[in-house]
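Residues per chain are reported as follows:
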Amino acid sequence: MLPRSTTTALVALLLLGVHKCVAFVVHHRQPKSTSAASTSLVRANLFPKKEREPSIALTDEQDQALRDVAKDFDVLYGPRWFEDAEAWDKARSQYGVLAGYSDEELRTAFIRQGPRLVDVLTETPLGPFVLVNLIAYFTGFSWCNTPWHAEGACIGR
């Protein structure tokens with residue numbers, strides 16, 4: 001069992017890691033333009049989930065297609081790809097399920113689309129951080145069992 005101070009430190013590090021990962025995801029999903037339209041879309045992300053739902057109802061297949069477009073086009077067109085009409089034209093031609101929507105509808109749906117838990121765990125540092133800590137917790141690992149520990153840190157030994 002870990003001492004209370006060590007547990008508190010680990011919880012603080014976990015919360016800091018979660019905060020940094022969420023900040024990373026939010027930073028990369030919001031447009032940086034100061035136009036009135038994009039400002040209102042950024043504000044839409046700050047409201048509760050009920051008010052953040054996409055303006056168009058996407059099926060699971062369309063939602064996945066929009067996520068695939070985001071992954072592919074971020075590399076091809078850069079981080080501001082969603083403001084480019086050419087990118088949306090190419091997205092509609094590559095993914096037929098998106099063909100019935102306008103640029104603005106797809107852009108709004110993309111910006112209001114929140115990250116999935118599996119994406120946060122696999123595409124940010126949070127996943128490996130949680131995995132290493134779970135392994136350490138369930139195997140009973142303690143820094144006190146290593147030759148590099150500080151004697152004062154190992155309370156109860």
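Along each chain, the written sequence defines residue order, and numbers are assigned to residues from 1. This being a predicted model, a pLDDT of at least 70 is required before a residue's local features are given, and a value of 80 or more before pairs of side-chain atoms are given or counted; all residues contribute to the totals for chains, interfaces and linings. Only hydrogens and water are set aside when side-chain values are computed; all heavy atoms of the structure are taken into account.

Caption draft 1: Region of the structure containing the overall build of the chain. Per the convention used, a helix needs a DSSP run of H or I reaching at least four residues, while a strand needs a run of E reaching at least two, with both numbered from the N terminus. Looking only at helices and strands, one finds eight helices and zero strands in the chain. Expressed as a percentage of the 157 residues in the chain, the buried residues total 31%. Excluding contacts between residues fewer than 6 apart, the proportion of contacts in the chain whose partners are at least 24 apart in sequence is 60%. About 10500 Å² of surface is accessible on the chain, with carbon and sulfur atoms providing 63% of the total. Relative accessible area decides the class of each residue, using a 1.4 Å probe on protein chains only: under 20% of the type maximum gives buried, over 50% gives exposed, and in between gives partly exposed. Should any heavy atoms of two residues lie within 4.5 Å, those residues are considered in contact. The accessible surface values rely on the Shrake-Rupley method and a 1.4 Å probe; as for residues, cover is taken only from the protein chains in view.

Caption draft 2: Region of the structure containing the nonpolar core. Ranked by internal contacts, the top residues of the largest apolar core, which has 18 residues, are Val69, Trp81, Trp88, Leu98 and Phe110. Mapped by element, the contributors of at least two residues to this core are helix 4 (60–77), helix 5 (85–94) and helix 6 (103–112). Broken down by element, this core gets its largest block of residues, five residues, from helix 4. Contacts of Trp81, omitting those with residues within four sequence positions, involve Val69, Ala70, Phe73, Asp74, Ala87, Trp88 and Phe110. Among the buried residues, those of types Ala, Val, Leu, Ile, Met, Phe, Trp, Tyr and Cys that are joined through side-chain atoms within 4.5 Å form a nonpolar core.

Caption draft 3: Examining helix 8 (residues 126–139) more closely. Compared with the 20 Å implied by 1.5 Å per residue over 14 residues, the 20 Å span of helix 8 between its first and last C-alpha is a close match. A positive backbone phi angle near 80° is found at Gly140, which sits one or two residues after helix 8. Expected span of a helix: the number of residues minus one, times 1.5 Å.

Caption draft 4: View of the environment of Asp74. Locating Asp74 in the fold gives a position in helix 4. When sequence neighbours within four positions are dropped, the list of residues in contact with Asp74 reads Val69, Pro79 and Trp81.

Caption draft 5: Spotlight on the packing of helix 4 against helix 5. Note on method: axes are straight lines fitted to C-alpha atoms, helices fitted across the in-contact stretch only, with angles between N-to-C directions ranging 0 to 180 degrees. Across the interface, helix 4 lies against helix 5 with an axial gap of 11 Å and an inter-helix angle of 135°. By the angle class used here, helix 4 and helix 5 are oblique. Considering how the two elements wind past one another, helix 4 and helix 5 form a crossing that is right-handed. Of helix 5, the residues touching helix 4 (which contributes Leu66, Val69, Phe73, Leu76 and Tyr77) are Glu86, Ala87, Trp88, Lys90, Ala91 and Gln94. By residue class, the composition of the contact of helix 4 with helix 5 is eight nonpolar, one polar and two charged. Any angle between 65 and 115 degrees counts as roughly perpendicular, while under 35 counts as roughly parallel, over 145 as roughly antiparallel, and the rest as oblique. Take the far helix as the reference: if the near one is turned anticlockwise from it by less than a right angle, the crossing is left-handed, and if turned clockwise, right-handed. Only Asp, Glu, Lys and Arg are considered charged, only Ala, Val, Leu, Ile, Met, Phe, Trp, Tyr, Cys and Pro nonpolar, and every remaining residue, Gly among them, polar.

Caption draft 6: Representation of a nonpolar patch on the surface within the structure. Put simply, a patch holds well-exposed residues, over 30% relative accessible area, that have no salt bridge, with like charges counted together within 9 Å and Val, Leu, Ile, Met, Phe, Trp or Tyr side chains within 5 Å. Only one rule defines a salt bridge in this text: a Lys or Arg side-chain nitrogen within 4 Å of an Asp or Glu carboxyl oxygen. On the surface, a cluster of nonpolar side chains totalling about 400 Å² of accessible area is made up of Leu134, Tyr137 and Phe138. The exposure class assigned to Tyr137 is exposed, which follows from its relative accessible area of 59%.

Caption draft 7: Spotlight on the side chain of Arg92. Looking at the element boundaries, Arg92 is found in helix 5. Any pair of nitrogen or oxygen atoms within 3.5 Å is treated as a polar contact; in protein, a donor-acceptor pairing is required on top of that, and neighbouring residues in sequence qualify only through side-chain atoms on both sides. Among the polar contacts listed, one links the side chain of Arg92 to the side chain of Asp89, at a separation of 2.7 Å. Within polar-contact distance, the side chain of Arg92 engages the side chain of Asp103 at 2.6 Å. The contacts of Arg92, once residues within four sequence positions are left out, are Leu98, Ala99, Tyr101, Ser102, Asp103 and Leu106.

Caption draft 8: Quick peek at the confidence of the model for the chain. For every residue, the predictor assigns a confidence score, pLDDT, that lies between 0 and 100. Chain-level statistics for the chain give a pLDDT mean of 74 and a share of 62% at 70 or above. Of all secondary-structure elements in the chain, the lowest mean pLDDT belongs to helix 2 (residues 36–46), at 44, while helix 5 reaches the highest, 91.

Caption draft 9: View of the side chain of Asp119. Here Asp119 shows up in helix 7 (residues 117–123). Since its relative accessible area comes to 14%, Asp119 is described here as buried. In this structure Asp119 touches Arg67, Lys71 and Thr124, once residues within four positions along its chain are discounted.

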